[in-house]
Amino acid sequence: MPVPTPRDRYGTWTLVAFALAAAGDLASLAAGSDVGHIVLKPLLMPLLAAYVTFRRGPRLLTAALLCGWAGDTLLLADADPVFLAGMGAFAVGHVCYLALFRRHGEGYGTARARGAFVVGTYASALIVTVALLWPDLPSDMRIPVAGYSLLLTAMAFGATTLGLAAAAGGGLFLLSDTLIATDVANWPQAPRPDFWIMLTYLAAQTLLTRGVLTSGSATARR
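The structure reproduced in this document is the subject of the present report. Everything numeric here is computed off the predicted structure, so don't read it as measured data.

Some remarks on the packing of helix α6 (residues 116-133) against helix α7 (residues 142-159)
- Running from amino to carboxyl end, α6 crosses α7 at an angle of 160°, the nearest separation of the two axes being 10 Å. With respect to their mutual orientation, α6 and α7 come out roughly antiparallel. Crossing handedness for the pair α6 and α7: right-handed. Seen from α6, the contacting residues are Val118, Val119, Tyr122, Leu126 and Val130; seen from α7, they are Ala146, Ser149, Leu150, Thr153, Ala156 and Phe157.
- Of the residues belonging to the contact of α6 with α7, the class tally is 9 nonpolar, 2 polar and no charged.

Re the packing of α6 against helix α8 (residues 164-184)
- Where α6 meets α8, the axes come as close as 11 Å, and the angle between the chain directions of the two elements is 10°. Here α6 lies roughly parallel to α8, going by the angle between them. Every residue of α8 that contacts α6 at Tyr122, Thr129 and Leu133 is listed here: Ala167, Gly171, Leu174, Thr178, Ala181 and Thr182.
- Residue composition of the contact of α6 with α8, by class: 5 nonpolar, 4 polar and no charged.

Focus on unusual backbone geometry
- Phi is positive for Asn186, close to 60°, though the residue is something other than glycine.
- Considering the arrangement of structural elements, one finds Asn186 in the loop between α8 and α9 (193-213).
- Phi angles above zero are rare outside glycine, and Arg192 is one such case at about 55°.
- Tracing the chain through its elements places Arg192 in the loop between α8 and α9.

Some details on the environment of Val95
- By secondary structure assignment, the location of Val95 is in helix α4 (residues 80-104).
- Taking relative accessible area as the criterion, Val95 reaches 46% and is therefore assigned partly exposed.
- When the C-alpha positions of Val95 and Ala154 are compared, they lie 9.4 Å apart, and in sequence the two are 59 residues distant.

Comments concerning helix α2 (residues 34-54)
- Taking 1.5 Å of rise per residue, 21 residues should cover 30 Å, and α2 covers 31 Å from first to last C-alpha, within 8% of that figure.
- The largest bend in α2 amounts to roughly 30° and is located at Leu40, with the proline Pro42 lying one to four residues further along.
- Among the residues making up α2, those that are buried are Gly36, His37, Leu40, Lys41, Leu44, Met45, Leu48, Ala49, Tyr51 and Val52.
- Residues of α2 that are buried make contact with α1 (6-31), α3 (59-74) and α9.
- Just downstream of α2 lies Arg56, where phi reads positive at about 60°.

Some remarks on the layout of surface pockets
- Of the pockets and cavities examined, the largest pocket occupies roughly 790 Å³.
- If you trace the largest pocket, you find 30 residues lining it, with Leu75, Leu76, Ala77, Asp183 and Asp194 closest to the centre.
- Listing elements by their share of the lining of the largest pocket, those giving two or more residues are α2, α4, α8 and α9.
- Partitioning the lining of the largest pocket into residue classes produces 17 nonpolar, 4 polar and 9 charged.
- Considering the residues around the second largest pocket, the lining is formed by 21 residues, among which Tyr148, Leu152, Asp177, Thr178 and Ala181 are closest to the centre.
- Mapped onto the lining of the second largest pocket, the elements with two or more residues apiece are α4, α6, α7 and α8.
- For the lining of the second largest pocket, the element with the highest residue contribution is α8, accounting for 6 residues.
- Class assignment of the residues belonging to the lining of the second largest pocket gives a composition of 15 nonpolar, 5 polar and 1 charged.

Cut-offs used in this document
Numbering of residues begins from 1 in every chain and follows the order in which that chain's sequence is written. Restriction of local features to residues with pLDDT of at least 70 applies here, the model being predicted, together with a cutoff of 80 or more for giving and counting side-chain atom pairs; totals for whole chains, interfaces and linings are based on all residues. To obtain the side-chain values, all non-hydrogen atoms of the structure were used and water was disregarded. Axis lines are fitted to C-alpha atoms, over the contacting stretch for helices. Their N-to-C directions set the angle, which ranges from 0 to 180 degrees. Comment: elements are numbered from the N terminus, with helices defined as DSSP H or I runs of at least four residues and strands as E runs of at least two. Each angle is binned into one of four classes, with values under 35 degrees roughly parallel, values over 145 roughly antiparallel, values of 65 to 115 roughly perpendicular, and all other values oblique. Crossings are assigned a handedness: left-handed for a near helix turned anticlockwise from the far helix by less than a right angle, right-handed for a clockwise turn. By definition, residues are in contact when any of their heavy atoms lie within 4.5 Å. Under the scheme applied, nonpolar residues are Ala, Val, Leu, Ile, Met, Phe, Trp, Tyr, Cys and Pro; charged residues are Asp, Glu, Lys and Arg; polar residues are all the others, including Gly. Buried, partly exposed and exposed residues are distinguished by accessible area as a fraction of the type maximum, computed with a 1.4 Å probe on protein chains only: under 20%, between the cut-offs, and over 50%, respectively. Under the convention used throughout, the expected extent of a helix is 1.5 Å for every residue step, that is, one less than its residue count. Think of it this way: the bend at a residue is just the angle between two axes, each fitted to seven residues, one set ending at that residue and the other starting at it. Cavities and pockets were defined on a 1 Å grid built over protein atoms only: a cavity is a set of grid points that admits a 1.4 Å probe from which the probe cannot escape, a pocket is an open set flanked by protein on both sides within 12 Å along at least five of seven lines, and lining residues are those with an atom within 4 Å of any such point. Grid points are joined across faces, edges and corners, and a volume is the space filled by probe spheres set on the points.

See the structure below:
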């Protein structure tokens, strides 16, 4: 059995710290504690990015997670310009993920040939969601939300080329951001909507990270 190196141990400790911070953040949201959420949310993606670094994961994955950190931090503020900046940070993160899937996945051509149904499902979800949200979105948010939704859907579909974990992560990211969009459109929300948004978001980023780190291509390049 291989002896764990200090780098391996640091990676394990960092992952445990991420899990504890995530649990604390979700507990804060469930309890309605804004202070706990404000303190813990900015720690989450840097901890996950540090874990990726200790695991010698691809730099693009670290960059995607740090873009998520920037978006997380910006979305703590309640102002439209800051919201758009946060959306932009997440958009850059999705571009990083798309580059990762192109490099480490099976390839988009293979995915289309194997899963035309999946392509149609994601395309239909995009069209229906934007069409339903459009009338209720603020006029200055319609184009940014539509453009971001297109990029997000492309990322979620691209994740299907990297295996089940990444595919689930992409789908959950799509769900999490759709919940945010319904809030922007002033649709009725479930109790504690921020809890459900963070739960699906954290699961998404964790599964995407696992999908990339365990892909054969990424493992071979370490």
